[in-house]
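Summary of the model geometry
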Amino acid sequence: MKEIFALVDCNNFYVSCERVFNPGLEGKPVVVLSNNDGCVIARSNEAKALGIKMGIPAFKCKDLFKKHSVYVYSSNYSLYGDMSQRVMDALTRFAPRMEIYSIDEAFLLLTGFTTANLTDYARYIKTTEKKWTGIPVSIGIGHTKTLAKVANEVAKKYPRYAGVLDVTDYPQLDELLDGVDVADVWGIGRKYTQFLNRYGICTALQLKNAPDQWVKKNLTIMGLRTVKELRGISCISLEEIPAPKKGIISSRSFGRAVETLPELKEAVADYVSRAAEKLRAQSSATSFIQVFLTTSRFNGPQYSNSSSTRIPTPTAYTPELIRCAHKCLNKIFKPNYRYKKVGVMLTGIVPEDKIQLNVFGTSSSRDRWKTLMKTVDRINARWGSNTIQFAAAGIKRSWGMRQLRRSPRYTTQWSEIPVVNLS
């Protein structure tokens, strides 16, 4: 029995999250900006129709925003993350196996659904998701994950499919692939697209028909897998449990330039706390930490540097990681510079149950640290991020991101829950 994959993709996800709690945005041009309200990272279909490009700096669109009454929002990651979890929780009801691919995409394994019309079933999933979460989705179905991705792209692009396309038994599959740009094939990035175009391979069909040896030589074994997937041969299996990350980076640009060491230490402590939480979530520990900082590339004197240190016994204990990070920061900080960004990177990551203990360490203290961190993580997961936080990360955080247009965190902050006035 051939495998059947369905890719469920949320439409204009960040914009759709804003529309769930502000229905008045339906049919209006809406954009969402990146950190510090820098660039456009999400657009409604109406905003796309105005010619607003993905990634364009917001300041270049001021006149366009004003002329067409575009609704502009700062990124609201607390809201988007929570809405993503609700979408994924709903999807678990529709298939025995699922892979969460990104914040707004998931693969479902529908192998064995032979008694059901897959298109009708996908429409049922689409309708249910909209009813339960308010988020519109598109669904592509194919015998491979790559074909499911292609089907999803086509379903979103052409209104006649109403957001659902099943290509498992599609009679004009080659004709459909001939209308898909090779740049839109899953796994083919910008550089590979340019390379393939130079050899006259511009569509998914042309890539599908490329010789195996040539593909393997020029696109590596991963490229050959993509080609085989376009031919209907499943080579990329479902990953129900994501592989642990081998490196974790936590970094953001400041809302304003930062000049003092105490403020930089607050930011570093905050980023370490976030990275350590991700580390514990995958049951891992780190043995190597790096801190980097940089000034703006455009204003004033420029300076950037990094420092790293090895941790004798791998750990996920936040206070220990903050101490190591501050030691690194002290080495590279220089006064009289206006810093724009600082960040931390954790590498040398190992499973927490395979840690080689230090001869001078004690297992009892390590057990206490693990219990403490589990308690902190459990409270923050239950009551919201930063319900419990480390004092080293500061209280006011005037260096934080600029989010002048952020909508309320409707689902994760008690004080921002929507209020219905019946009077």
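A few points on the structure. Keep in mind that what you see is a predicted model, and the values were worked out from it rather than measured.

1. Section: the nonpolar core
Counting residues in hydrophobic clusters, the biggest one holds 35 residues, and the most contacted among them are Phe13, Leu91, Leu108, Leu110 and Ile139. Taken together, the elements giving at least two residues each to this core come down to β1 (5-10), α1 (13-21), β2 (30-33), α4 (77-91), β6 (105-109), α5 (118-133) and β7 (137-142). Ranked by residues supplied to this core, first place goes to α4 with 6 residues. Val291, Ile322, Tyr339 and Ile349 belong to the second-largest nonpolar core, a separate cluster that totals 33 residues.

2. Here we look at the pairing of strand β12 (residues 339-351)
Taken residue by residue, a regular strand's side chains alternate between the two faces of the sheet. By the bridge criterion, 7 bridges tie strand β9 (residues 248-258) to β12 in an arrangement that is antiparallel. Counterpart to Arg252 in the pairing with β12 is Val342. In terms of strand pairing, strand β10 (residues 284-295) meets β12 through 11 bridges, oriented antiparallel. Bridge pairing links Gln290 to Met345 in β12.

3. Some words on a nonpolar patch on the surface
Residues Trp383, Trp414 and Ile417 make up a contiguous nonpolar surface patch of roughly 390 Å² in combined accessible area. By the secondary structure assignment, Trp414 is in the segment after α13 (363-383). For Trp414, a relative accessible area of 64% translates into the label exposed.

4. Some remarks on the sheet that holds strand β3 (residues 40-43)
With respect to topology, 3 strands assemble into an open sheet ordered β3-β2-β4, the strand pairing being mixed. Edge strands, defined here as strands with exactly one partner in the open sheet, are β3 and β4 (71-73). Here the strands of the sheet are splayed against their neighbours by 25° on average, with no regard to which way each runs. Contacts from α1 reach β2, β3 and β4, with the element oriented near 115° to β2.

5. Describing the pattern of salt bridges
Close approach of charged atoms allows side chains with opposite charge to pair. Within this structure, the stated rule accounts for 17 salt bridges. Linking Arg231 and Asp212 is a salt bridge whose minimum nitrogen-to-oxygen distance equals 2.7 Å. One end of the pair, Arg231, is in the loop between α10 (212-230) and β9; the other, Asp212, is in helix α10, and 19 residues separate them in sequence. One salt bridge connects Asp270 with Arg274, and the closest N-O pair in it is separated by 3.3 Å. Within this pair, Asp270 and its partner Arg274 are both found in helix α11 (residues 261-281), separated by 4 residues, close to a single helical turn. Given a relative accessible area of 4%, Asp270 falls into the buried group. On the accessibility criterion, Arg274 (29% relative accessible area) is partly exposed.

6. Describing the sheet that holds strand β5 (residues 98-102)
Sheet strands pair by backbone hydrogen bonding; their relative direction is either parallel or antiparallel. If you walk across this open sheet you meet the 5 strands as β5-β6-β1-β7-β8, and the pairing is mixed. Of all the strands in the sheet, the pair left with one neighbour each is β5 and β8 (164-166). In this sheet, adjacent strand axes meet at a mean angle of 15° when their direction is disregarded. One ladder, built from 5 bridges, connects β1 with β6; its direction is antiparallel. The residue of β6 that forms the bridge with Asp9 is Glu105. The strands touched by helix α6 (residues 145-157) within the sheet are β1, β5, β6, β7 and β8, with β7 carrying the most contacts at an inclination of about 140°.

7. Some thoughts on the side chain of Ser287
Position of Ser287 among the secondary structure elements: in strand β10. Overall, Ser287 belongs to the buried group, its relative accessible area being 12%. In terms of polar contacts, Ser287 uses its side chain to reach the backbone carbonyl oxygen of Gly348, at 2.8 Å. Residues within four places of Ser287 in sequence aside, it is in contact with Thr309, Arg310, Ile311, Pro314, Thr347 and Gly348.

8. Observations regarding α11
Between its first and last C-alpha, α11 extends 30 Å over 21 residues, near the 30 Å set by a 1.5 Å rise per residue. At the exit of α11 stands Ser283, carrying a positive phi of roughly 55°.

9. Details of the environment of Ile311
For Ile311, the location among the structural elements is in strand β11 (residues 304-315). Taking the C-alpha atoms as reference points, Ile311 and Ile289, 22 residues apart in sequence, are found 7.6 Å from one another.

10. As for the packing of aromatic side chains
Working definition: an aromatic ring pair is given by the centre-to-centre distance plus the angle between the planes. Tallied over the full model, the rule gives 21 aromatic pairs. Measuring from centroid to centroid gives 4.5 Å for Phe21 and Tyr410, while their planes differ by 10°, and the two rings are stacked. Pair noted here: Phe21 is in helix α1 and Tyr410 is in the segment after α13, with a separation of 389 residues, a long-range link. A residue is classified by how much of its surface remains accessible, and Tyr410, at 17% relative accessible area, is buried. A centroid spacing of 6.3 Å and a plane angle of 90° characterise the contact between Tyr77 and Tyr80, whose relative ring orientation is edge-to-face. With Tyr77 and Tyr80 both in helix α4 and 3 residues apart, this pair spans about one turn of that helix.

Criteria and cut-off values
- Residues numbered from 1 in each chain as written.
- Predicted model: local features only at pLDDT ≥ 70, side-chain atom pairs only at ≥ 80, totals over all residues.
- Heavy atoms only, no water.
- Core = buried A, V, L, I, M, F, W, Y, C linked by side-chain atoms within 4.5 Å.
- Buried < 20%, exposed > 50% of the residue type's maximum accessible area, 1.4 Å probe, protein only.
- Helix = DSSP H or I, 4+ residues; strand = E, 2+ residues; numbered from the N terminus.
- Pairing = 2+ DSSP bridges.
- Patch = residues over 30% accessible without salt bridge, like charges linked within 9 Å, V, L, I, M, F, W, Y side chains within 5 Å.
- Areas by Shrake-Rupley, 256 points an atom, 1.4 Å probe, with all protein chains shown as cover.
- Salt bridge = Lys/Arg side-chain N within 4 Å of Asp/Glu carboxyl O.
- Axes fitted to C-alpha atoms, helices over the stretch in contact; angles between N-to-C directions.
- Contact = heavy atoms within 4.5 Å.
- Polar contact = N/O pair within 3.5 Å; in protein donor to acceptor, adjacent residues only side chain to side chain.
- Expected span 1.5 Å × (residues − 1).
- Phe/Tyr/Trp six-rings, centres within 6.5 Å; stacked < 30°, edge-to-face > 60°.

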